[in-house]
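Coordinate analysis (summary)
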Amino acid sequence: MAMKKYFKTLAIALGLATVAVTPAAAYTECTAKIASAFYSQEGYVWINLAINGATGGAIVVDKADLNREAYLSILLTARAQDKSVIFRLAKDNGACTATNYDLTGIWIP
């Protein structure tokens, strides 16, 4: 019986240790309005951002991105309603005023 309790305690301790060393999700979120967007015949989407009223920074969606059409739809809706959009980039501490190629999501708050 004592051995069973020992293994149970060991399993719990190992589980907690695993959770403790798991890295936090790293990403950057940029809140901006759409200054302009370009959809090319090659299939990519180039989005120029307006951050705090100043144009600067861009998001590029590759033609291979399966979410490309959904992103374009959200962008057009946000632009038509003059709404800000939150762009989530894969890298941590990314610069919203740079040209970014690592878009992982878009939402209208």
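Going by the structure above, here's the rest.
Description of the structure in this document. Every value quoted in this text rests on a predicted model; they were computed, and no experiment measured them. (Residues numbered from 1 in each chain as written. Predicted model: local features only at pLDDT ≥ 70, side-chain atom pairs only at ≥ 80, totals over all residues. Heavy atoms only, no water.)

Examining the pairing of strand 4 (residues 85–89)
Stated precisely, the cut-off is as follows: A 1.4 Å probe rolled over the protein chains alone gives each residue an accessible area, and that area as a share of the maximum for its type sets the label: buried under 20%, exposed over 50%, partly exposed in between. Working definition: helices are DSSP H or I runs of at least four residues, strands are E runs of at least two. Numbering for both runs from the N terminus. Strand pairing is assigned whenever DSSP identifies at least 2 bridges connecting the two strands.
Counting buried residues in strand 4 gives four out of five residues, a clear majority hidden from the surface. Bridging between strand 1 (residues 28–39) and strand 4 involves five bridges; their strand directions are antiparallel. From the neighbouring strand, alanine 32 faces strand 4, where its bridge partner is valine 85. Relative to strand 6 (residues 103–107), strand 4 runs antiparallel, the two sharing four bridges. When the sheet's bridge partners are listed, arginine 88 is paired in strand 6 with glycine 105.

What about unusual backbone geometry?
The backbone phi angle of asparagine 52 is positive, close to 55°, even though this residue is not glycine. Looking at where asparagine 52 falls in the secondary structure, it is placed in the loop between strand 2 (45–51) and strand 3 (54–61).

A word on helix 2 (residues 68–80)
Convention followed: Expected span, for any helix, means 1.5 Å times one less than how many residues it has. The directions from the helix axis to the C-beta atoms are what the arc is built from. Whether two residues are in contact is decided by their heavy atoms: any pair within 4.5 Å suffices.
End to end, helix 2 covers 18 Å across 13 residues, agreeing with the expected 18 Å (1.5 Å per residue, within 8%). Of the residues making up helix 2, those classed as buried are Arg68, Tyr71, Leu72, Leu75 and Ala78. One face of helix 2 carries all of its buried residues, which in axial projection span an arc of 130°. Away from its buried face by more than 90 degrees, helix 2 exposes Leu76 and Ala80. For helix 2, the secondary structure elements touched by its buried residues are strand 1, strand 2, strand 3, strand 4 and strand 6. One or two residues past the end of helix 2 sits aspartate 82, with phi positive at roughly 55°.

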